[in-house]
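Residue-level structure breakdown
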Amino acid sequence: MDDQHSPALRRLVELLPAAVVETHARLGDATARVDPARIVDVAKLLRDDPGLEFEMLTDLTAVDYLGEEPRFEVVYHFYSVARNQRVRIKARVPEAAAELPSLVALYASADWMEREVFDLYGVRFSGHPNLKRILLYEEFEGHPLRKDYAKTARQPLIGPRN
Amino acid sequence: MAGITDGRRELEEDFERDLHVERQLLNMGPSHPATHGTVKFMLELDGENIADIEVQVGYLHRGFEKECESGSWYQAIPYTDRLNYNSAVLANVGFCLAVEKLLGLETPIRCQWQRVLASELSRVADHLTRCGAACLELQAMTPFLYGIEARELNWDLQEQLCGARVTSNYIRLGGVKHGMPESFPARFREIVTQTRTLLADFEKVVTRNRIFVDRLKGTGVISREECLRYAVTGPMLRSAGVPLDLRKDEPYLVYDQVDFDVPIGEVGDNYDRYLVCVEEIHQSLRIAEQCVAQLEKLGAGPIDVVDPRVRWPAKSHVFNRMEELIQQFKTVTEGPRVPEGEAYTAIESANGELGFYVVSDGSAVPWKVRCRPPSLLNLQPMPGMVRGAMLADLIPTFDFINMIGGECDR
């Protein structure tokens, strides 16, 4: 299936051709890989364009492709309630500069999910109002969902905090 | 005379004077009777009102995704049971549908009806717990017991169907653990009748109860726009007037063949959420009845896909033919190899959109299993829902958000 089957992808490519790196719609999931620096432009367009109307950022996560370059892929799932449509936006960032702009200003739901990606993968989001660990504690060392974090790794004990 | 009047005025002024000159910080949780599932609220109180609140999650983080990435695809299914332990089957279904999408599997019709049946029983149990526990925390023990009795009966049914009461591990890739037992339909009808009686009693005690209505009406209000901004889904979104239900909008399994209504609220307060949940119990029972009728009509037949990658070959073949013996050996020792790719599926769980984003590198071990937890996203806008309200209003608001720690923190 090519992207011609997804009206959302078609419109995205039409309006922001420079930001989109590649698209596919395998297994029926409309997907676009975009330039991480332009993620805010893409999200703004998805939200505000009358032909797209993606009001919800339902999911935000990352995948560690250890050994590939760029290493991390941040994956956004948008949902349009008005049009009952979904689109997946992905952006690759290298380990050395694992940072991309935050979407909190556009989608409030990004707040905790970006914190989670930062917590578990160590990918930073510039412009996030409160980028700190969410599921783990502050003294935790490393980012456990990175593929090079051993499952058996132990963390230093911390005393009671006051 | 004048002296007495002055003294009285002074007293009156003193009585009117605001005593709460300083704001008070209060830690609520992580281990507090009302924060079931461990969550912590850092409250800044102005008298009895909430001036500010910070919600801290993560106390129940058990590394669900990391664990999934170290076993086979099959070994992840029992972990999904432990996400939302009120409705384990729903998470099973969500995960299996995502992996089946990667595998390109279409399950047999009996299997699909059975999955819907188990899902709806699960949803009923979840909503009963939510409504019952909310009453309990508002100091109403009787309706809680009605709800819990109905849930016990529901668990009896789930036990008969799935083999376990809570963490059922019922759904398999390309099938379900086993078919509907012959004795099930009769017991099902009996229990549905009992559940409806209990629900009628529950509603009689609660729905128009002055205290309950006063505590719920106008508290924990969230607007339609806020819901969308925060990606709130499920009964919480529907209570704000958005008729989004993935069972209707993106029908999966056989939801397009069942007849049910999607209740919505008007103002998005706790009372609307209560009404939506109770109506959803009725609708789920209706769906479950249709499933049982349909399964009876279909009679005996295949419930698993015939695909050696995910299901064992018949035992008679395994013991007599070489190919099948090898297949069984590989399925048991290694587990299914899932084609390379990525897939996202979303189902309507009791709390909202439960999504699974799975990535496979073509091996027998998942590369990535992401659970999109409705609990986490529904909890996120809570500060805005309780800021300025009384501390006591936090309890029903938190109850009807129905944050489940296992799913929220994973």
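This structure is a prediction, so every number in the text was calculated from the model and none was measured.

A short note on the overall build of chain A
Along chain A, the regular secondary structure elements total three helices and seven strands. Beginning at the N terminus, the succession of helices and strands in chain A can be written as α-β-β-α-β-β-β-β-α-β. For chain A, the spread of C-alpha atoms along the three principal axes comes to 55 × 35 × 25 Å. For chain A, the residues scored as buried account for 45% of the 162 residues in total. Counting contacts in chain A only where the partners sit at least 6 residues apart, residues at least 24 apart contribute 48% of the total.

Here's the deal with the overall build of chain B
When you go through chain B residue by residue, the secondary structure sums to 18 helices and eight strands. Dimensions of chain B, computed from C-alpha atoms along their principal axes, come out at roughly 110 × 45 × 30 Å. For chain B, the residues scored as buried account for 50% of the 410 residues in total. In chain B, the share of contacts with a sequence separation of at least 24, taken over all contacts with a separation of at least 6, comes to 70%.

Regarding helix H4 (residues 88–103) of chain B
Residue and element names in this part refer to chain B. With 16 residues, H4 should cover 22 Å at 1.5 Å per step; its first-to-last C-alpha distance of 23 Å lies within 8% of that length. For H4, a buried count of 16 out of 16 residues is recorded, marking the element as mostly surrounded by other parts of the structure. Two residues or fewer past H4, Gly104 is found with a positive phi of approximately 70 degrees.

Quick notes on the packing of helix H7 (residues 184–206) of chain B against helix H12 (residues 270–298) of chain B
Residue and element names in this part refer to chain B. Axis separation between H7 and H12 bottoms out at 11 Å; the angle between their running directions is 170 degrees. Judged on the interaxial angle alone, H12 and H7 are roughly antiparallel. In this structure, H7 contributes Pro185, Phe188, Val192, Thr195, Leu199 and Glu203 to the contact, and H12 contributes Val278, Ile281, Leu285, Glu289, Val292 and Glu296.

A few points about the environment of Leu136 of chain A
Within the fold, Leu136 of chain A resides in the segment after strand S7 (124–126). Considered as a pair, Leu136 of chain A and Glu116 of chain A are 20 residues apart in the sequence and their alpha carbons are 9.0 Å apart. Beyond its immediate stretch of four places on either side in the chain, Leu136 of chain A contacts Asp119 of chain A together with Gly58 and His61 of chain B.

Things to note about the confidence of the model for chain B
Averaged over all residues, the pLDDT of chain B is 88; the fraction at 70 or higher stands at 98%. The complex model carries a pTM of 0.88, and its ipTM stands at 0.90.

Looking at the sheet that holds strand S3 (residues 49–56) of chain B
Residues and elements named next belong to chain B. One open sheet accounts for three strands, arranged S1-S2-S3; its pairing is antiparallel. The open sheet terminates on both sides in strands that have one partner only, identified here as strand S1 (24–28) and S3. Between one strand axis and the next, the sheet turns by 20 degrees as a mean value, whatever way the strands run. Relative to S3, strand S2 (residues 40–46) runs antiparallel, the two being bridged by seven bridges. Looking across to S3, one finds that Asp46 is bridged to Asn49.

Considerations on the pairing of strand S6 (residues 341–348) of chain B
All names here are of chain B. Here S6 lies mainly inside the structure; seven of its eight residues are buried. Pairing of S6 with strand S7 (residues 353–360), which is carried by eight bridges, proceeds in the antiparallel orientation. Within the sheet, the bridge partner assigned to Glu342 lies in S7 and is Val359. Hairpin connection between S6 and S7: a loop of four residues separates the two successive antiparallel strands, and Gly352 in this loop has a positive phi of roughly 140 degrees.

A word on the interface of chain B and chain A
Often, the extent of an interface is quoted as the loss of accessible area upon association of its parts. Contact residues are listed per partner, giving 29 residues for chain B and 26 residues for chain A. Mapped by element, the contributors of at least two residues to the side of chain B that touches chain A are helix H2 (64–68), helix H9 (224–229), S6, S7, strand S8 (368–372) and helix H15 (374–379) of chain B. Counted by class, the side of chain B that touches chain A contains 12 nonpolar, seven polar and 10 charged residues.

Brief notes about the sheet that holds strand S3 (residues 56–64) of chain A
All names here are of chain A. In spatial order, the strands read S1-S2-S5-S4-S3; together these five strands make up an open sheet with mixed pairing. Of all strands in the sheet, those with a lone pairing partner are strand S1 (20–24) and S3, marking the two edges. Neighbour-to-neighbour, the strand axes of this sheet turn through a mean angle of 20 degrees, independent of strand direction. Judged from the four bridges that link them, S1 and strand S2 (residues 31–34) form a sheet pairing that is antiparallel. Across the sheet, residue His24 finds its bridge partner in S2, namely Thr31. Where helix H3 (residues 110–121) meets the sheet, it contacts S3 and strand S4 (72–80), and its direction lies at approximately 5 degrees from that of S3.

Examining unusual backbone geometry
Note that the residue after Glu69 of chain A, namely Pro70 of chain A, is joined by a cis bond; omega there is -5 degrees. The residue Pro70 of chain A is located in the loop between S3 and S4 in this model. Phi at Ala231 of chain B is positive, roughly 55 degrees, even though this residue is not glycine. The residue Ala231 of chain B is located in the loop between H9 and helix H10 (235–239) in this model. Here Ala231 of chain B falls in the buried class, since 30 other C-beta atoms lie within 10 Å of it. The phi dihedral of Asn402 of chain B falls on the positive side, at around 55 degrees, and the residue is not glycine. Mapped onto the fold, Asn402 of chain B is located in the loop between helix H17 (394–401) and helix H18 (405–409). What makes Asn402 of chain B buried here is the crowd of 30 C-beta atoms within 10 Å.

Cut-off values and rules
Residues numbered from 1 in each chain as written. Chains lettered and ligands numbered in written order. Predicted model: local features only at pLDDT ≥ 70, side-chain atom pairs only at ≥ 80, totals over all residues. Helix = DSSP H or I, 4+ residues; strand = E, 2+ residues; numbered from the N terminus. Buried ≥ 20, exposed ≤ 12 C-beta atoms within 10 Å, placed from the backbone. Contact = placed C-beta atoms within 7 Å. Expected span 1.5 Å × (residues − 1). Axes fitted to C-alpha atoms, helices over the stretch in contact; angles between N-to-C directions. Parallel < 35°, antiparallel > 145°, perpendicular 65-115°, else oblique. pLDDT = per-residue confidence, 0-100. Pairing = 2+ DSSP bridges. Nonpolar A, V, L, I, M, F, W, Y, C, P; charged D, E, K, R; others polar.

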